[in-house]
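So the chains spell out like this:
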Amino acid sequence: METISENKCFGGTQGVYKHTSSACNCDMTFGLFLPEEAIDGPVPVLWYLSGLTCTHENAMVKAGAQAWASEQGIALVFPDTSPRGAGVADDEAYDLGQGAGFYVNATQAPWSEHFKMWDYIAEELPSLLAEKFPLDMDRQAITGHSMGGHGALTFAMSLPGRFKSVSAFAPICNPTASDWGRKQLAAYLGDDEASWDSHDAAILMQKNGFDGPVLVDTGTDDQFIDLLKPEALATAVAKRRQEATVRLQKGYDHSYFFVSTFMEEHIAFHATALYGE
């Protein structure tokens, strides 16, 4: 593992690291914020999954999360959103290929050689973090924005017992019924739509639910709200009678101005779950 940078940040350290990924068959970069408490021993972990076109860097520099994570003594992990490099398949469209991994394991050419983001986030990166850093992997939570909110919800509901809590900012809630989803799931997973269901938060909510607290915020002025379909997730939550807070925030859009506005509340929400036992 190569250290790209380490900077003092709110009493802790904001690092950026690169490593060779066996899951994605290329080099991958991630950000990790360690609060000051990590000097004395392992600290709880909050994963932040970013959205379309993003890298590890977007939330790391725009979300204002480190200040609140430092206050709560929580580490933040900022993975990349896809494999990258000259030999990695890509597409001219912003919503497919590099920067748009959708947190799935691709089975279709040309994507299947590198696009194994499910295995990378669920297995490889957690193992690397546990080996290299003072993190308490028994206390994990997960959040994300847009495509990353989709990822956060689907990981949480598919890996029972892994995460104490899950939240999302403007998540893609029902990708099997959205142009932000159908295109990508068909490209990565093929035309068998039954295989898509395990990556749809609304479907997973009805089928599995989540054994813990859920918090979802979406802006009423989100320019992509018809693609996000928050109503599908809200309906699934109601049908399952799942413990959840699903909110529409008046006047907010899809930007990091929205994310940063509610970041303090989301981190406090996760801190309650992470320190609750």
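Residues numbered from 1 in each chain as written. Predicted model: local features only at pLDDT ≥ 70, side-chain atom pairs only at ≥ 80, totals over all residues. Heavy atoms only, no water.

Draft legend 1. Focus on the packing of helix α3 (residues 117-132) against helix α4 (residues 147-158). The N-to-C vectors of α3 and α4 enclose an angle of 60 degrees; their axes lie 12 Å apart at closest approach. Relative to α4, α3 is oriented oblique. Here α3 and α4 pass one another in a crossing that is right-handed. Two secondary-structure elements touch here, α3 through M117, W118, I121 and A122 and α4 through T154, F155 and S158. Taken together, the residues that form the contact of α3 with α4 break down as 5 nonpolar, 2 polar and no charged. (Axes fitted to C-alpha atoms, helices over the stretch in contact; angles between N-to-C directions. Helix = DSSP H or I, 4+ residues; strand = E, 2+ residues; numbered from the N terminus. Parallel < 35°, antiparallel > 145°, perpendicular 65-115°, else oblique. Left-handed = near helix turned anticlockwise from the far one by under 90°. Contact = heavy atoms within 4.5 Å. Nonpolar A, V, L, I, M, F, W, Y, C, P; charged D, E, K, R; others polar.)

Draft legend 2. Quick look at the side chain of D95. Position of D95 among the secondary structure elements: in the loop between β5 (75-79) and α3. If near-sequence neighbours (up to four positions away) are discounted, D95 is found in contact with L52, A100, W180, K183 and Q184.

Draft legend 3. Just the packing of aromatic side chains, in detail. Considering all chains together, one arrives at 14 aromatic pairs under this definition. Here F30 and F133 contribute two aromatic rings whose centre-to-centre distance is 6.5 Å and whose plane-to-plane angle is 90 degrees, an arrangement assigned as edge-to-face. Highlighted residues: F30 in strand β3 (residues 26-34) and F133 in the loop between α3 and β6 (135-144), separated in sequence by 103 residues. Each member of the pair, F30 as well as F133, is classed as buried. Between Y252 and F258, the ring centres sit 6.2 Å apart and the planes meet at 50 degrees, which makes this aromatic pair tilted. Y252 gets classed as partly exposed once you look at its relative accessible area, which sits at 28%. (Phe/Tyr/Trp six-rings, centres within 6.5 Å; stacked < 30°, edge-to-face > 60°. Buried < 20%, exposed > 50% of the residue type's maximum accessible area, 1.4 Å probe, protein only.)

Draft legend 4. Molecular detail of empty space enclosed by the protein. As enumerated under the stated definition, the model contains 1 cavity of 30 Å³ or more in all. Looking at the largest cavity, the residues that line it are W47, I121, A122, P126, Q140, I142, R162 and F163. In terms of residues, the lining of the largest cavity owes the most to one element, α3, which gives 3 residues. Classifying every residue of the lining of the largest cavity by side-chain character gives 6 nonpolar, 1 polar and 1 charged. (1 Å grid on protein atoms, 1.4 Å probe; cavity = no way out; pocket = protein on both sides within 12 Å on 5 of 7 lines; lining within 4 Å. Points joined across faces, edges and corners; volume = space filled by probe spheres on them.)

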